[in-house]
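# Observations on the model geometry
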Amino acid sequence: MSNKTLYQKLVDAHTVAVLDEENVLLFCDLHLMNEYTSPQAFSGLDGKSRGVPVPGQNVSVVSHIIPTHNETPRRIADPASLLQARNLKKNCTKHNIPLFDTNDVLQGIEHVVSPEHGMIRPGMVVICGDSHTTTYGALGVLGFGIGTSEVEHVLATQTLVYRMAKNMRITIKGLLPKGTTSKDMILNIISQIGAKGAIGYVVEFCGSAVDALSTEARFTICNMAVEAGARGALIAPDSTAVDYILARAPDITGNIRDSALKYWATLHSDSGVLFDQEYVFNANDMAPFVTWGTSPDQAIAINSHLPTKESFKNPADRLSLEQALKYTKLTDGQALEGTPIQHVFIGSCTNGRIEDLREVVATIGDRRVASGVRAMVVPGSGAVKAQAEAEGIADKLIAAGFEWRKPGCSMCLAMNDDVLTSGTRCASTTNRNFEGRQGRGAITHLMSPAMAAAAAVTGMITDARKLQGANHA
Ligand SMILES: CC(C)[C@H](C(=O)O)[C@@H](O)C(=O)O
Ligand code: SF4
């Protein structure tokens, strides 16, 4: 038997038929859907009078368009968004597909809801009409986003025509220094390999710095791998991942547990296997990272300076620097630290989990949101919200002047009413900083929850480690 990467093992285990040299027909264990990318797929099915043969292997979550204000019940005011939510409900009811609906207490962002209920297990193929499906790689799962026409194909057959990707391995040696998180790690990596650096690849992350991370911190890394263009992200499941699953999947007991553990132990790249591309980083050198531009790879360590025009030899690179800085209203060569912000957004499928919120509270200590700053916390799911309330996190945030809101994608992409006005500068725990992402003309700085918390209480981009050090003193 030849040596295989984890990626090859997962593809082989799900290949129903080899179609040609590049494509296979892949069986999908779980298909997630949202209100945004599913309507045409259901219409397509209806038009062909087709059904959904295995509805139980599909799950839907209202994620993107949902309002996050604190009214109960939640009402979607925008007619187009309301129609999307209603259509999702109608289609799921018709086809017996489980749905986390608008007023379900467990509703949230699809990528936060599904793992927390034990639906995502090592060795699975999980797909969704959403690019951040790569998140599940943190549990040794091949997760990736698909287009609407593919959503229809999966609904009808539970399979997908899949073009094989290449294998990349990113090893992160050492250990993250105190006050530096997995968000900083992935921003650092993307800044080095580029926003196109992983196009065509499934990236396996490994090394001592990854081993030391919690599952939630690993989700953040795999979530953002797509911002480097990756078609998937993987971390071989270890005891951290197994403990995470077993705590959330009460059905895995007895013989099933034994055989699951045995199978999961095979889910790693074989020693000596060759990757098409390899990178090695050292976490010891990493620091909190913040984006300065309009692409996730335009990021620097908080204690360094923006690149200068002269540092780019290539005219195209120089032009993209100039264009980004024109939009973000910054100057080349300047420091980011001390830049005033008017808004803070803490949430999203990248950093809207309970550990993220704990980090926010630990960073702010007894401080209050700075005057003139609006700071919103939008938990990733109803379960995260309930837990944060039970732990007293919500009360602390509210007392400090943060808005404590209901779950959803919210200002990560501003598809609901959480939209920034032009010129507003936002410290955000999300994953994309494209022009207009959080509102036309709004400026996004991607960073970790601790860094966003530090920005909230100081009113400017601040090295969170300075605050954390003071809290511990
Ligand atoms: C709306 C959806 C298709 C989109 C995605 O695919 O990622 C969104 O979730 C995003 O983060 O931009
Ligand atoms: S939280 Fe943001 S990145 Fe995640 S699914 Fe929603 S819009 Fe996409």
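Preceding this paragraph is the structure being described.
Below: a short report on this structure. Predicted model, so just to flag it, every value in this text is computed and none were measured.

Looking now at the site of ligand 2. Of all residues adjacent to ligand 2, which total 13 residues, the nearest are Ser348, Cys349, Cys409, Cys412 and Leu413. Inspection of the shell around ligand 2 shows a minimum of three residues originating in each of domain 1 (1–287) and domain 2 (289–472).

Once that is clear, we can look at the site of ligand 1. Lining the immediate environment of ligand 1, one finds Tyr36, Thr37, His64, Asp130, Ser131, His132, Gly145 and Leu413. Split by residue class, the shell around ligand 1 holds 2 nonpolar, 5 polar and 1 charged.

The contact between helix H6 (residues 182–193) and helix H8 (residues 215–225) brings their axes to 8 Å, and the two run at 25 degrees. Taken as axis vectors, H6 and H8 run roughly parallel relative to one another. Helix-helix and strand crossings are classified by hand; for H6 and H8 the assignment is right-handed. Counting all contacts with H6, which are made through Ser182, Lys183, Met185, Ile186 and Ile190, the residues of H8 involved are Ala217, Arg218, Thr220, Ile221 and Met224. The residue inventory of the contact of H6 with H8, partitioned by class, reads 6 nonpolar, 2 polar and 2 charged.

The parallel open sheet is built from 4 strands, whose spatial order is E11-E10-E9-E12. Edge strands, defined here as strands with exactly one partner in the open sheet, are strand E11 (232–234) and strand E12 (277–282). On average, each strand axis in the sheet is tilted by 20 degrees relative to the strand beside it, whichever way the strands run. One ladder, built from 3 bridges, connects strand E10 (residues 201–206) with E11; its direction is parallel. For valine 203, the partnering residue across the bridge sits in E11 and is alanine 233.

Parameters at a glance
Residues numbered from 1 in each chain as written. Chains lettered and ligands numbered in written order. Predicted model: local features only at pLDDT ≥ 70, side-chain atom pairs only at ≥ 80, totals over all residues. Near = placed C-beta within 6 Å. Domains from an automatic or database assignment. Nonpolar A, V, L, I, M, F, W, Y, C, P; charged D, E, K, R; others polar. Axes fitted to C-alpha atoms, helices over the stretch in contact; angles between N-to-C directions. Helix = DSSP H or I, 4+ residues; strand = E, 2+ residues; numbered from the N terminus. Parallel < 35°, antiparallel > 145°, perpendicular 65-115°, else oblique. Left-handed = near helix turned anticlockwise from the far one by under 90°. Contact = placed C-beta atoms within 7 Å. Pairing = 2+ DSSP bridges.

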